[in-house]
Amino acid sequence: MPQPRTDSNQQASDLSQRLNKPLLAYLATAGAAGVSMLAMTQSAEAKVVYTPTDRAITSGSHLDLNNDGTADFVFHGPFAICGTCSYFDVIANKTNKMMSNAEPLASGISVGPAYKFRGGRDEMTDYCTCSGNNGFGGPWLGVQNGYMGFEFNIKGEPHFGWARFSVTDKGAINLTGYAYETIARKPIVTGNTGGDDRVDQQGSSAPPELPTAGLGHLALGAIGKSRQ
């Protein structure tokens, strides 16, 4: 019987090897690209969204942390609570809440479920007249680049965010930026404008969680106490 030609078999083997090399290279590249795309997708899903701004806060101003067109927090005042004193407050809309009675926090503080939040309204500044003497006060008076921590609702889920304010010794309030975490129930660090360990120019990076007992010591000095 005729025997198969050796040169034909060799040619077929060489052709197969030449075809397999680029195919294997393509599969390896595609696999790496797939892993990279998955990582990019996961990274895009979990991020801090930061909004820089520079605007005065007056009565009727609002804060929309995720910029969806719905006010999450509003500001009101000055309004008299007694004959000689008036107050300027931050007010939580609906089920939203403020952290630590809306008192000023330093950069690098974790805002998340480990800490105390409550709704309603809290004082930022006040102005009183007593026996002919006028005076400004409140926990935010004179604070520069202080942070307020928030819990707010997105599609039925709690999210955490912060806003940065500077307040003069006469009670004028300026909002200089705000941010929120896109993942529900995930803490955000005050001053974090994006990334795992980035904070703004006011401070350095901090651990994602800080001990609850140390929160009071890390808060900026307050003049006065928020009304219950």
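Caption draft 1: Region of interest: the pattern of salt bridges. Enumeration according to the criterion identifies three salt bridges in this entry. A salt bridge links Arg185 to Glu157, with the nearest nitrogen and oxygen atoms 2.5 Å apart. One end of the pair, Arg185, is in the loop between strand E12 (173–181) and strand E13 (188–189); the other, Glu157, is in strand E11 (residues 157–167), with 28 residues separating them in the sequence.

Caption draft 2: Structural view of the pairing of strand E10 (residues 146–154). Taking burial as the measure, the nine residues of E10 include eight buried ones, the bulk of the element. Pairing of strand E5 (residues 97–99) with E10 involves two bridges; the strand directions are antiparallel. Bridge pairing links Met98 to Phe150 in E10. In textbook terms, the turn of a hairpin is the stretch between consecutive antiparallel strands, and for E10 and E11 this stretch comprises two residues, one of which, Lys155, has a positive phi near 50°.

Caption draft 3: Spatial organisation of the nonpolar core. In terms of nonpolar packing, the biggest core is built from 24 residues, with Leu63, Phe73, Met148 and Phe165 touching the most fellow members. Elements with a contribution of two residues or more to this core: strand E3 (73–80), strand E4 (85–92), E10, E11 and E12.

Caption draft 4: Focus on the packing of aromatic side chains. Scanning the entire structure with this criterion turns up nine aromatic pairs. Judged by centre distance (6.0 Å) and plane angle (70°), the rings of Phe75 and Phe165 are edge-to-face. Linking Phe75 in strand E3 with Phe165 in strand E11, this pair joins segments that are 90 residues apart in sequence. Here the two residues Phe75 and Phe165 agree in accessibility, since each one is buried. With a centroid separation of 5.4 Å and 45° between ring planes, the pair formed by Phe117 and Phe160 is classed as tilted. Of this pair, Phe117 sits in strand E7 (residues 117–118) while Phe160 sits in strand E11, and the two are 43 residues apart along the sequence.

Caption draft 5: Focus on the sheet that holds E10. Read across the sheet, six strands follow the order E1-E12-E11-E10-E5-E7 without closing on themselves; strand pairing throughout is antiparallel. Bordering the open sheet on either side are strand E1 (48–57) and E7, each of which pairs with just one other strand. Two elements, E10 and E11, share nine bridges in a ladder whose sense is antiparallel. Within E11, the position partnered with Phe150 by the bridge is Gly161.

Cut-offs used in this document
Residues numbered from 1 in each chain as written. Predicted model: local features only at pLDDT ≥ 70, side-chain atom pairs only at ≥ 80, totals over all residues. Heavy atoms only, no water. Salt bridge = Lys/Arg side-chain N within 4 Å of Asp/Glu carboxyl O. Helix = DSSP H or I, 4+ residues; strand = E, 2+ residues; numbered from the N terminus. Buried < 20%, exposed > 50% of the residue type's maximum accessible area, 1.4 Å probe, protein only. Pairing = 2+ DSSP bridges. Core = buried A, V, L, I, M, F, W, Y, C linked by side-chain atoms within 4.5 Å. Phe/Tyr/Trp six-rings, centres within 6.5 Å; stacked < 30°, edge-to-face > 60°.

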